[in-house]
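What follows is the residue order along each chain.
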Amino acid sequence: MGKTSKTGKSTKGSEKGSKKRARKRAKQERPDLHSLYEAAVQNVEADVDFILKRWRKARGGQPQTLREDFCGTASLAAEWVRTLPDGEAWGVDLDRGTLDWGLRHRIAPLGNRAERVHLEEADVLVPKAPRVDVQVAFNFSYQTFRRRADLVSYFRAVYESLDDGGMFFLDSFGGTDALCDVEEKTKISKSVEPDGRRVPAFLYIWEQKHFNALDHSMDCRIHFRLKDGRRIRNAFRYTWRMWSLPEMNDLLTEAGFETVDFYVEGWDDETDEPDGIFKKRKRVDNEGSWIAYVVASKPC
Ligand SMILES: C[S@@+](CC[C@H](N)C(=O)[O-])C[C@H]1O[C@@H](n2cnc3c(N)ncnc32)[C@H](O)[C@@H]1O
């Protein structure tokens, strides 16, 4: 039995009440995991800018149609139709709940432009119609395919879904830290989402929990720590095969792609941070960590 407080209620009772209120408040203000994920790991404006520059250089003009594989909330598909007045985008993901969140928070705010985005609950392994100019698979999602045969099947499905001369964009990370068990913390500044909601500043924690040298599988986790001290452990979890760049080159070529190019991000020695500039390279020093875009082109 708790001590009696001035209000006459037992402190235990009031503690219970305040805990209940705190729980209710925490529930009401429950952070949106998709919002935190996007603020922490995505930069769809930079991705679309990179795609348009590569297309202009290789093909001239602008591509119009894009398919975002593993689209999740379809943020990139939304950015595509926001950037290109006649652009049209398709998004493919297995998870109905995530697609619905994307429809509400990323596609609906587009207004009339939402008519040019089509989301499909499907497996990326199945080739899709209509054929498109550009297909993307970002944030390393293709690494979900851990068997060689599955990754080649996926690359073949992409090849089939692209128009002649189409381009496929992926990304990759590596370096001496990439195959180690590490936890990396990054402060994420407050931001405003496309639907106008505010995301307060928070801490993003990327954990490579275990790397298995035998099959190159990696158990990766995303955790968040909020400003009020709340921790969200294992908000997202992936078991990935760490495919190397030469393996990707071989498998994309096997699937039929004519050229495979690697654009690796540079390093700013002054800030000791990545500089955000991706240059096509034939040779790269295996620094602690690096990120690269991989661009595979179908013959015209
Ligand atoms: C890491 S998230 C990627 C989200 C977003 N595209 C990005 O760039 O950050 C991976 C997504 O892939 C989806 N996914 C996994 N396997 C899939 C498959 N075989 N076909 C379609 N979607 C798949 C999951 O449902 C999840 O939404």
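So, a few notes on the structure that sits alongside this text. The shown structure was predicted, so the numbers you read here are calculated from the model rather than taken from an experiment.

## Notes on a negative patch on the surface
Taken together, the side chains of Asp 269, Glu 270, Asp 272, Glu 273, Asp 285 and Glu 287 present a region of like negative charge at the surface. You can see Asp 272 is positioned in the loop between β12 (259-268) and β13 (273-280).

## Digging into the pairing of strand β9 (residues 202-212)
Of all 11 residues in β9, eight are buried; the element is thus mostly enclosed. Bridging between strand β6 (residues 182-188) and β9 involves seven bridges; their strand directions are antiparallel. Paired with Glu 184 across the two strands is Trp 206, which belongs to β9. Here β9 pairs with strand β10 (residues 217-226) via 10 bridges, running antiparallel. Residue pairing for β10: Ile 205 is matched across the bridge by His 223.

## Considering the nonpolar core
Core analysis: the largest hydrophobic core is formed by 32 residues, its most contacted members being Tyr 154, Phe 155, Phe 168, Leu 252 and Phe 257. Within the residue set of this core, elements represented by two or more residues are β2 (88-93), β4 (132-137), α6 (148-161), β5 (162-174), α7 (245-254), β12 and β14 (290-297). By residue number, the principal contributor to this core is α6, which donates six residues. The residues contacting Phe 155, other than those within four sequence positions of it, are Phe 168, Leu 170, Met 248, Leu 251, Leu 252, Ala 255 and Phe 257. In this structure, Val 48, Trp 55, Ala 77 and Val 117 belong to the second largest nonpolar core, which totals 28 residues.

## Some thoughts on unusual backbone geometry
Each neighbour pair has its own omega, and for Ala 129 with Pro 130 the value is -5°, a cis peptide bond. Assignment of secondary structure puts Pro 130 in the loop between β3 (117-121) and β4. For Phe 70, which is not glycine, the phi torsion reads 50° and is therefore positive. For Phe 70, the position within the fold is in the loop between β1 (65-69) and α4 (75-83). With phi around 55°, Asn 234 is a residue other than glycine that occupies positive phi space.

## Topic: the site of the ligand
In the neighbourhood of the ligand, 16 residues make up the surrounding shell, with Tyr 37, Phe 70, Asp 93, Asp 123 and Asn 139 lying closest. Here an oxygen atom of the ligand and a side-chain polar atom of Tyr 37 are 2.4 Å apart. With respect to the ligand, the backbone of Leu 94 contributes an N or O atom lying 3.2 Å from a nitrogen atom. Looking at side-chain class alone, the shell around the ligand contains eight nonpolar, four polar and four charged residues.

Here is what the cut-offs are and how they apply
- Residues numbered from 1 in each chain as written.
- Predicted model: local features only at pLDDT ≥ 70, side-chain atom pairs only at ≥ 80, totals over all residues.
- Heavy atoms only, no water.
- Patch = residues over 30% accessible without salt bridge, like charges linked within 9 Å, V, L, I, M, F, W, Y side chains within 5 Å.
- Areas by Shrake-Rupley, 256 points an atom, 1.4 Å probe, with all protein chains shown as cover.
- Salt bridge = Lys/Arg side-chain N within 4 Å of Asp/Glu carboxyl O.
- Lys, Arg positive; Asp, Glu negative; His and termini not counted.
- Charge placed at Lys NZ, Arg CZ, Asp CG, Glu CD.
- Helix = DSSP H or I, 4+ residues; strand = E, 2+ residues; numbered from the N terminus.
- Buried < 20%, exposed > 50% of the residue type's maximum accessible area, 1.4 Å probe, protein only.
- Pairing = 2+ DSSP bridges.
- Core = buried A, V, L, I, M, F, W, Y, C linked by side-chain atoms within 4.5 Å.
- Contact = heavy atoms within 4.5 Å.
- Near = heavy atom within 4 Å.
- Polar contact = N/O pair within 3.5 Å; in protein donor to acceptor, adjacent residues only side chain to side chain.
- Nonpolar A, V, L, I, M, F, W, Y, C, P; charged D, E, K, R; others polar.

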